[in-house]
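Overview (structure and organization)
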Amino acid sequence: MVSLSWVMILFVLYAAVFIVYYFYYFRPRMYLLLLSETNYMNCYLSKLPHMDDGSSDRSEMEAFLLKKRSVFLRRCNRFLFSAAAFYVVLVLIAADF
């Protein structure tokens, strides 16, 4: 039987890990999620000083940013899955105590 105190302690640690993840990894890179929108991508690229009129540079930069976005999403999904799985394992281990 799992005691409520153990579950609450583990949940507080789980929430603390998510808060730290949000502030130090996810929040500074949140702009990457919006890059799938064409208007945001155009606005973002127009603010870069070296992206004046070079269409080849612009398409390469778009490809680079979309690749960066896909890596970011993959890492976010991996973190969410592993954190949830780790939490479930810890709760199951705490059930034995």
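Up top you'll find the structure we're talking about.
Attention in this report is confined to the structure presented alongside it. All values derive from a computational prediction rather than experimental measurement.

The secondary structure content of the protein chain amounts to 4 helices and 0 strands. Counting helices and strands in the order they occur from the N terminus, the protein chain gives α-α-α-α. Its C-alpha radius of gyration of 20 Å places the protein chain more than 25% over the 13 Å reference for a compact globule of 97 residues. Taken along its principal axes, the extent of the C-alpha atoms in the protein chain is 65 × 15 × 15 Å. In the protein chain, the share of contacts with a sequence separation of at least 24, taken over all contacts with a separation of at least 6, comes to 63%. As presented, the protein chain carries roughly 7300 Å² of accessible surface, and 68% of it is formed by carbon and sulfur atoms. With 10 positive and 7 negative side-chain charges, the protein chain shows a separation of 9 Å between the mean positions of the two kinds.

All right, on to the environment of M30 then. If you trace the backbone, M30 turns up in the loop between helix 1 (4-26) and helix 2 (31-34). Residue classification places M30 among the partly exposed positions, given a relative accessible area of 32%. When the C-alpha positions of M30 and F72 are compared, they lie 9.3 Å apart, and in sequence the two are 42 residues distant.

Glancing now at a positive patch on the surface. Taken together, the side chains of R29, K67, K68, R74, R75 and R78 make up a positively charged region of the molecular surface. Of note, R74 is situated in helix 4 (residues 55-95). R74 sits in the partly exposed class, given a relative accessible area of 43%.

On the secondary structure map, L35 appears in the loop between helix 2 and helix 3 (38-46). Considering only alpha carbons, one finds L35 and E62, 27 residues apart in sequence, at a separation of 8.9 Å. When neighbours within four sequence positions are excluded, L35 is seen to be in contact with Y40, M41, Y44, L65, L66 and R69.

Going through the model one piece at a time under the given rule, you end up with 13 aromatic pairs. The interplanar angle of 20° and the centroid separation of 6.4 Å between the aromatic rings of Y40 and Y44 together place this pair among those described as stacked. In this pair, Y40 and Y44 are both assigned in helix 3, 4 residues apart and thus about one turn of the helix distant. Within the aromatic cluster, the residues linked to one another by ring pairs are F11, Y14, F18, Y21, Y22, F23, Y25, F26, F72, F79 and Y87.

Here we come to helix 1. With 23 residues, helix 1 extends 31 Å between its outermost C-alpha atoms, agreeing within 8% with the 33 Å of an ideal straight helix rising 1.5 Å per residue. Burial in helix 1 covers these residues: L10, Y21, Y25 and F26.

Reading the values: rules and limits
Residues numbered from 1 in each chain as written. Predicted model: local features only at pLDDT ≥ 70, side-chain atom pairs only at ≥ 80, totals over all residues. Heavy atoms only, no water. Helix = DSSP H or I, 4+ residues; strand = E, 2+ residues; numbered from the N terminus. Rg over C-alpha atoms; globule rule 2.2 N^0.38 Å. Contact = heavy atoms within 4.5 Å. Areas by Shrake-Rupley, 256 points an atom, 1.4 Å probe, with all protein chains shown as cover. Lys, Arg positive; Asp, Glu negative; His and termini not counted. Charge placed at Lys NZ, Arg CZ, Asp CG, Glu CD. Buried < 20%, exposed > 50% of the residue type's maximum accessible area, 1.4 Å probe, protein only. Patch = residues over 30% accessible without salt bridge, like charges linked within 9 Å, V, L, I, M, F, W, Y side chains within 5 Å. Salt bridge = Lys/Arg side-chain N within 4 Å of Asp/Glu carboxyl O. Phe/Tyr/Trp six-rings, centres within 6.5 Å; stacked < 30°, edge-to-face > 60°. Expected span 1.5 Å × (residues − 1).

Taken by themselves, the reported measurements are silent on function.
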